[in-house]
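The primary structure of each chain is shown beneath.
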Amino acid sequence: MPTERYNAAEAEPRWQKIWDERGIFAARNDDPRPKYYVLEMFPYPSGSLHVGHSRNYAIGDAIARYRRAKGFNVLHPMGWDAFGLPAENAAIERKIHPRLWTERNIALMKADLKAIGISYDWSREIATCDPRYYKHQQKMFLDFLQAGLVERRKSKVNWDPVEQTVLANEQVIDGRGWRSGALVEQRELTQWFFKITDYSQDLLDSLDRLDRWPEKVLLMQKNWIGRSEGLLIRFALDERSTPNGENELEIFTTRADTLFGARFMALAPDHPLALAAAQKNPKLAAFIAGCKRHGTAQEIIDKAEKLGFDTGIKAIHPFDPSWKLPVYVANFILMDYGTGAIFGCPAHDQRDLDFVNKYRLGNVPVVCPPSQDAKTFAITDTAYEGDGRMINSRFLDGMTSTEAKEEVARRLEKATRPLAKTQAGKATAPGTAAAGDRPVAERRVNYRLRDWGISRQRYWGCPIPIIHCEACGIVPVPEQDLPVTLPEDVSFDRPGNPLDHHPTWGKVACPQCGNKNARRETDTMDTFVDSSWYFVRFTDPTNAAAPDDPRIANAWMPVDIYIGGIEHAILHLLYSRFFMRAMQKTGHVGCDEPFAGLFTQGMVLHETYRKADGDWITPAEVKITSEGERRRATLAATGEAVEIGPLEKMSKSKRNTVGIVEIVQSYGADTARWLVLSDSPPDREVIWTEQGVQGAARFVQRLWRLVNEAGEIGGGAPAERPAQFSSAATALRKATHQALAAVGDDVEKLHFNVCVAHIHEFANALTVAIGDIAAQEIAADLRWAMREAADILVQLFAPMMPHLAEECWAALGHDTLVAQAPWPALQRELLIEDTITLPVQINGKKRAEVAVPRDAGNAEIEAAVLSLDAVKKTLDGKTPKKVIIVPKRIVNVVA
RNA sequence: GCGGACGUGGCGAAACGGUAGACGCAAGGGACUUAAAAUCCCUUGGGGGAAACCCUGUGCGGGUUCGAGUCCCGCCGUCCGCACCA
């Protein structure tokens, strides 16, 4: 039968149009079937898509289509993370308005997503730069403010003096602004914060409930939150030595056991006591200024020498009033962790040891490692940071480190000292001032997690709905005035925030007192805010009155499977988890975890190509020739030699991308989708090669031929399932149902590469079956089995190659859509064999096989095994020591 | 520095503690073609053998087990995350 080649370029748009016209991917909120919410991280609309981007959409779509077939009411929406800096950069570089640039990119990328046939419910499309979206974000900001989850306070930021804007840490490269190249300054700015630290413990504890998240991500979040238990200790200061009579210094430590090894105290350069001392000591002031100049680049921190400055202040040891400790300002103490002050125990902390060795302060070991003799144990240039027995520690001697920590805490909790006259360092227990005496120490849990600063001095973001009034202070924009929309007429011809320069936008009357000279907040929100709740908005995307309808949101949420890159393992996912809690607290939703399941897909890699002059060349411009094992690349247009470079993640900068449009036009979307799902486990990297594309394209054609051949044989089959099947028909049916069982299992586990292998196996089996019967008269039962095989084969690959599947489905005579067909019912009885073949091991090495009835007892199996020639030969008449029979798996004879 | 993951043919990879290398790619041989493409068949971890088969093999060294790619301990290597976090 001459079957024409499958023409993807013609067929794919035709089926996309039919899906679209029939609206079959629209999810209804009132559908009674069980829900399944599958979501791929929405993209930033940077331009057009390349096949590297397509992988997470291909994964998500395979899941969505499979779940639909399994009878779920599937929500599979898509939108645009549309605010952000690149739009402003485009405005500066190309003189195009950020909104126009963004809208144009959305149109381009939407066309790409449609061209690969992802089954989205486009009726729910949202863009975060749409006032109909950010209006609700502003409302929630105000709700959070009222609920005490938003704070305004001073904070240190990286300030680019040329761009006149705040830079994120990752925008600071070697201490310079990534665009301007200007030396970045540390500045104090008043910023808005979301109080994510209110939820530190909850965000940590709840990780245990996220049993469908990758371990790696859970661990990264746990480390990021960074809980540590310790002791907050109030050291008395010798008032005669302090600049303004300060008499107390609070420190945080996790190693209270090493208190008798203390040699010095150290303050962060921006600690209040350090600043107070600097006022009276110009040399100290100069030292502090020097510390601030150092950037935050990791290389610098790594190699930076531990530097300190002796303030002359003396601290008094909590267990010995006569023991005075010098107070230094040191460059390695961070103001925003703990209290910004420490006691230094050099013998048991490497940084402290480096410090004392520089300033010759000496050390006293107080923890003796189990393997060492207390009498001779000494520390020179490597601190011992492990556990052991206490030495040189008075009443702690002989205890373990753990016991000593507990003993110190117990004693210092009971000890009290009068309330500080002048507090040095952070206040710790507000409201206890009236009580008079306070304990010298408190047990304290500290977290690495910091509050989330959301202020950005940018135009293209969600305006913060606040008005500053000289009389009333901070005034929320009244709800009826929301949204606060961005002005259209802005210019980007000078540095800084265009909203600041706008002649009229910032001027507004105070909603409370009517003061005409009030001013709008000109900071906009971090774009991570936009992406922290969009998944809720998808449940009710056109709701004009509220961010969502809690009844609808609660029915859909949480997202059942969220698919995206590992690069979002911390910030986006942590912020979203916080935001759900804040939305729950303010009555917008009823659950706290947004994503029940998470899947982080691997990158798509491609070779890189470079000309002699160093310019990167795109794969499309390169011609590859092979001479035996060697591959050679030339520039197709000129024949110029091109160097083949290493595999890299597809990226614009290395130009090693393959565009969606070009691949869809030359091979079809299904080929591309198949390739990115087939070669590697989806959480690992996959390599895009021309051979891979050709292989996938060949398989597309092979499936098309195979289905047509099987369909022709199955064409004359009876509608009803025959009562009896011949052995050939039964064998085919077994192969069919084995494939069905395996593929279903693979998709559930998201093992798409194994799933692909099983489809290949089934295709191979079907090819053999067709070859075996081609010449014979074909009985009705075999025809029926062949049609069943063809139908199921098509349904198995339909989630991954949906267009080809529709074309095949139609060719098989169906007048329905395979996208709407229920998943085939598995006939388990076909998976059960009457006789099973067990491998037989002798002393753990496979030596033979034995065929036994499925329900054979152990005695019967043992007898069969012992009668095997290979076994008899080894045993040589002796009785085996043991025969291990693992039911339906293996037999091991121990000789 | 701290934390984690991984290490299997020429390559991408499979393998509930139970027959290591499924499936694909590449390579080689063959069929069909005037020829090419497409398609189909065969071979392909290493070593031995005419063959049946045998030996060996999952980074290295130990251990647990009837049985280890898989579990435990110690090395070596690669990758990732965090990082002056007291």
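Above this text sits the structure in question.
Only a predicted model underlies this, so the values are computations on that prediction, with no experimental measurement involved. Within each chain, residue numbers correspond to sequence positions counted from 1 in written order. Note on labels: chains are lettered from A, ligands numbered from 1, in written order. Residues qualify for local features only when their pLDDT is at least 70, as the model is predicted, and side-chain atom pairs are given and counted only at 80 or more; totals for whole chains, interfaces and linings, by contrast, use all residues. The side-chain quantities take in all heavy atoms of the structure and omit both hydrogens and water.

(A) Region of interest: the protein's contact with RNA strand B. Taken together, 49 residues lie around RNA strand B, and T254, K306, F332, R351 and E761 are the ones closest in. Summary of the distance rule: residues count as near a molecule or strand when at least one heavy atom falls within 4 Å of that molecule or strand. Counting only atoms of RNA strand B within 4 Å of the protein, the sugar-phosphate share comes to 61%. Any pair of nitrogen or oxygen atoms within 3.5 Å is treated as a polar contact; in protein, a donor-acceptor pairing is required on top of that, and neighbouring residues in sequence qualify only through side-chain atoms on both sides. Here R450 contributes a side-chain N or O atom positioned 3.2 Å from a base nitrogen of RNA strand B. At a separation of 3.3 Å, a base nitrogen of RNA strand B approaches a polar side-chain atom of Q841. Under the grouping applied here, Gly and all other residues not named as nonpolar or charged are polar, the nonpolar ones being Ala, Val, Leu, Ile, Met, Phe, Trp, Tyr, Cys and Pro and the charged ones Asp, Glu, Lys and Arg. Here the residues of the surface near RNA strand B are counted per class, giving 18 nonpolar, 13 polar and 18 charged.

(B) Main features of the packing of aromatic side chains. Two rings from Phe, Tyr or Trp (for Trp, the six-membered ring) form a pair when their centres sit within 6.5 Å of each other. Planes less than 30 degrees apart are called stacked, planes more than 60 degrees apart edge-to-face, and all others tilted. The tally for this structure, following the rule as stated, stands at 42 aromatic pairs. Taking the centre distance of 5.8 Å and the plane angle of 45° together, the rings of Y6 and W704 count as tilted. Residue Y6 is located in the segment before α1 (8-22), and its partner W704 is located in helix α20 (residues 690-714); the two are separated by 698 residues in the primary sequence. In this pair, the class of Y6 matches that of W704, namely buried. Seen in terms of ring centroids, W452 and F578 are 6.3 Å apart; in terms of plane orientation they differ by 80°. Their pairing is edge-to-face. Placement of the pair is W452 in strand β22 (residues 452-453) and F578 in helix α17 (residues 571-585), with a sequence separation of 126 residues. Helix numbers and strand numbers start at the N terminus; a helix is a DSSP run of H or I with at least 4 residues, a strand a run of E with at least 2. A simple rule labels every residue: compare its accessible area, found with a 1.4 Å probe on the protein chains alone, to the largest value its type can have, and call it buried under 20%, exposed over 50%, or partly exposed in between.

(C) Representation of the pairing of strand β5 (residues 150-160) in the model. Inspection of the sheet shows β5 paired to strand β9 (residues 185-194) by 10 bridges, in the antiparallel sense. Note on β9: the bridge partner recorded for K154 is T190. Counting the residues in the hairpin turn of β5 and strand β6 (residues 165-167) gives four residues, including Q164, whose phi is positive at 55°. Here, a strand pair is defined by DSSP locating no fewer than two bridges between the strands.

(D) Spatial organisation of the packing of helix α22 (residues 752-773) against helix α23 (residues 780-797). For helices, the fitted line uses only the C-alpha atoms of the stretch in contact; every axis is such a line through C-alpha atoms, and the angle between N-to-C directions lies from 0 to 180 degrees. Running from N to C, α22 and α23 point in directions that differ by 155°, and their axes come no closer than 11 Å. The orientation of α22 relative to α23 falls into the category roughly antiparallel. For α22 against α23, the interelement crossing comes out left-handed. Every residue of α23 that contacts α22 at I759, F762, L766, A769, I770 and I773 is listed here: L782, M786, A789, L793, L796 and F797. Looking at side-chain class alone, the contact of α22 with α23 contains 12 nonpolar, no polar and no charged residues. To sort the angles, those under 35 degrees are grouped as roughly parallel, those over 145 as roughly antiparallel, those from 65 to 115 as roughly perpendicular, and the leftovers as oblique. A clockwise turn of the near helix away from the far one marks a right-handed crossing, whereas an anticlockwise turn of less than a right angle marks a left-handed crossing. We call two residues contacting when some pair of their heavy atoms lies within 4.5 Å.

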